[in-house]
Amino acid sequence: MTRTIVESRSRTEAIGFDEPFCVIGERINPTGRKMLAAELEAGIFSTVEADALQQVACGATMLDVNAGVVYNSNPDPNLTEPPLMRKLIQLVQGIVDVPLCIDSSVPAALKAGLEQCEGRPLVNSVTGEEERLETILPLVKAYNVPVVAISNDDTGISEDPDVRFAVARKIIERAADHGIAVQDVVVDPLVMPVGAMATAGNQVFSLVRRLRTELGANTTCGASNISFGLPNRHGINSSFLAMAIGAGMTSAIMNPTRPQEMEAVRAANFLTNNDPHGAEWIRHYRPPQEMSATDAPVRARRRRRRAR
């Protein structure tokens, strides 16, 4: 079985076909979050701290860390992202013990994150573009870390799932040329909005099955992309996650603070036998035991005896 190992300073997690679904918390990302972007530009990190703690408390297995702030004073990400990424990695790994996913399109920011990060993080990401392959894969090999492979290349994002599969295979083969094993390549087959493309969900499910059976690759995605532009997004996201897990998807970058979506993940873990005997499901959802009138005096006596 393919297992992608990620680590923090004190914790090891596995992404795999026979492992519980890996929830990669998406909240530490200023993209589309104007208030967070403004705070980061001002050097304020209270929201990052709160998001890190909340996501782990809600069940995140890993945390994605993105430093893509567009600074008004200096719009060059090659200059602004690396120091901010270093600061965010230092901050987040100081308050939570889960492994991290270093997320950037700027190679210098990825390198800064790798230099700062303790353990074995996941790098997000490499694409099938030639320049990107020759820049990111040597970095991944040098630090011996796993990488997210996004299924687009120099031609852009194809609507043809066969093309996206071919790009994923190309990245895996090129990674092998650099000495990176398939278990260290986590493929993102790309999720299109179902509101714009009616076959978007079925395409992903089919791709995940092929990536698993034909290439032996673990998979991930930006789960909320599926519902972009639609009402009741969390209802769509939760159904998509359960169906994607059923198709064999092994991780997703998602919002763990949404109970409906986490419930879908935990149920899917149970139903695919990746939550043995439903232990995690029961722990999260069993109602608290009610105390009967006859139980109350007995429990009170026990507390008094323990107090002595």
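So, the overall build of the chain
(1) Moving on: Within the chain, the regular secondary structure consists of eleven helices and ten strands.
(2) Moving on: For the chain, whose C-alpha radius of gyration is 21 Å, the value lies close to the compact-globule estimate of 19 Å for 308 residues.
(3) Moving on: A principal-axis box enclosing the C-alpha atoms of the chain has dimensions of 75 × 45 × 40 Å.
(4) Moving on: The buried share of the chain, taken over its 308 residues, is 49%.

Remarks on the side chain of Asn-66
(1) Moving on: Tracing the backbone through its elements, the reader meets Asn-66 in strand β4 (residues 62-66).
(2) Moving on: Looking at Asn-66, its side chain comes within polar contact range of the main-chain nitrogen of Gly-68, at 2.7 Å.
(3) Moving on: A distance of 3.4 Å separates a polar atom in the side chain of Asn-66 from the backbone oxygen of Asp-103.
(4) Moving on: Among all residues touching Asn-66, those that are not within four sequence positions of it are Ile-28, Asn-29, Pro-30, Thr-31, Met-85, Leu-88 and Asp-103.

Topic: the pairing of β4
(1) Moving on: The element β4 is extensively covered by neighbouring structure, given that five of its five residues are classed as buried.
(2) Moving on: Here β4 shows a buried face lined by Met-62, Asp-64 and Asn-66 and a second buried face lined by Leu-63 and Val-65.
(3) Moving on: Relative to β4, strand β3 (residues 22-28) runs parallel, the two sharing three bridges. Bridge pairing in β4 links Ile-28 to Val-65.
(4) Moving on: Examined bridge by bridge, β4 and strand β5 (residues 100-103) share four bridges and lie parallel to one another. Residue pairing across strands places Asn-66 opposite Asp-103, the latter belonging to β5.
(5) Moving on: You can see the chain leave β4, run along helix α3 (residues 77-95) and come back into β5, and the turn it takes is right-handed.

Thoughts on the state of the cysteines
(1) Moving on: Evaluated as defined, the whole model comprises zero disulfides.
(2) Moving on: Looking at the unpaired Cys-22, the closest cysteine sulfur is the one in Cys-101, lying at 9.0 Å.
(3) Moving on: Accessibility expressed as a relative area gives 2% for Cys-22, which makes it buried.
(4) Moving on: Between Cys-117, a free cysteine, and Cys-101, which holds the nearest cysteine sulfur, the sulfur-to-sulfur gap is 10.0 Å.

A few points about the pattern of salt bridges
(1) Moving on: Going through the model one piece at a time under the given rule, you end up with 15 salt bridges.
(2) Moving on: Notably, a salt bridge pairs Arg-86 with Glu-115, separated by 2.9 Å at the nearest N-O pair. In this pair, Arg-86 sits in helix α3 while Glu-115 sits in helix α4 (residues 107-116), placing the two residues 29 residues apart along the sequence.
(3) Moving on: Residue classification places Arg-86 among the partly exposed residues on the basis of a relative accessible area of 33%.
(4) Moving on: Classification of Glu-115 by relative accessible area gives partly exposed; the value is 38%.
(5) Moving on: Put simply, Arg-210 and Glu-214 hold a salt bridge, and the shortest N to O gap is 3.1 Å.

Observations concerning the environment of Ile-180
(1) Moving on: Note that Ile-180 resides in the loop between α6 (161-177) and β8 (185-188).
(2) Moving on: Judged by its relative accessible area of 6%, Ile-180 is buried.
(3) Moving on: Taking the C-alpha atoms as reference points, Ile-180 and Leu-100, separated by 80 residues in sequence, lie 19 Å from one another.
(4) Moving on: The contact partners of Ile-180, leaving out residues within four places of it in the chain, are Leu-137, Val-140, Lys-141, Ala-175 and Val-185.

Digging into the pairing of strand β10 (residues 251-254)
(1) Moving on: Neither face of β10 is exposed, since Ser-251 and Ile-253 on one face and Ala-252 and Met-254 on the opposite face are all buried.
(2) Moving on: Note: β3 against β10, four bridges, orientation parallel. Bridging from a neighbouring strand, Val-23 pairs with Ala-252 of β10.

So, the sheet that holds β10
(1) Moving on: Read from one edge of the open sheet, eight strands run β9-β8-β7-β6-β5-β4-β3-β10, paired in parallel fashion. Edge positions in the sheet fall to β9 (218-219) and β10, since each has one partner strand and no second.

So, the side chain of Thr-220
(1) Moving on: One can find Thr-220 in the loop between β9 and α8 (233-247).
(2) Moving on: When its relative accessible area of 2% is taken as the criterion, Thr-220 is described as buried.
(3) Moving on: A distance of 3.0 Å separates a polar atom in the side chain of Thr-220 from a polar atom in the side chain of Ser-251.
(4) Moving on: Those residues within four positions of Thr-220 in sequence are excluded, and the remaining contacts are Ile-24, Val-148, Val-186, Val-187, Asp-188, Pro-189, Met-249, Ser-251, Ala-252 and Ile-253.

Reading guide: rules and limits
- Residues numbered from 1 in each chain as written.
- Predicted model: local features only at pLDDT ≥ 70, side-chain atom pairs only at ≥ 80, totals over all residues.
- Heavy atoms only, no water.
- Helix = DSSP H or I, 4+ residues; strand = E, 2+ residues; numbered from the N terminus.
- Rg over C-alpha atoms; globule rule 2.2 N^0.38 Å.
- Buried < 20%, exposed > 50% of the residue type's maximum accessible area, 1.4 Å probe, protein only.
- Polar contact = N/O pair within 3.5 Å; in protein donor to acceptor, adjacent residues only side chain to side chain.
- Contact = heavy atoms within 4.5 Å.
- Pairing = 2+ DSSP bridges.
- Right-handed = clockwise from strand over helix to strand, strands pointing away.
- Disulfide = S-S within 2.5 Å.
- Salt bridge = Lys/Arg side-chain N within 4 Å of Asp/Glu carboxyl O.

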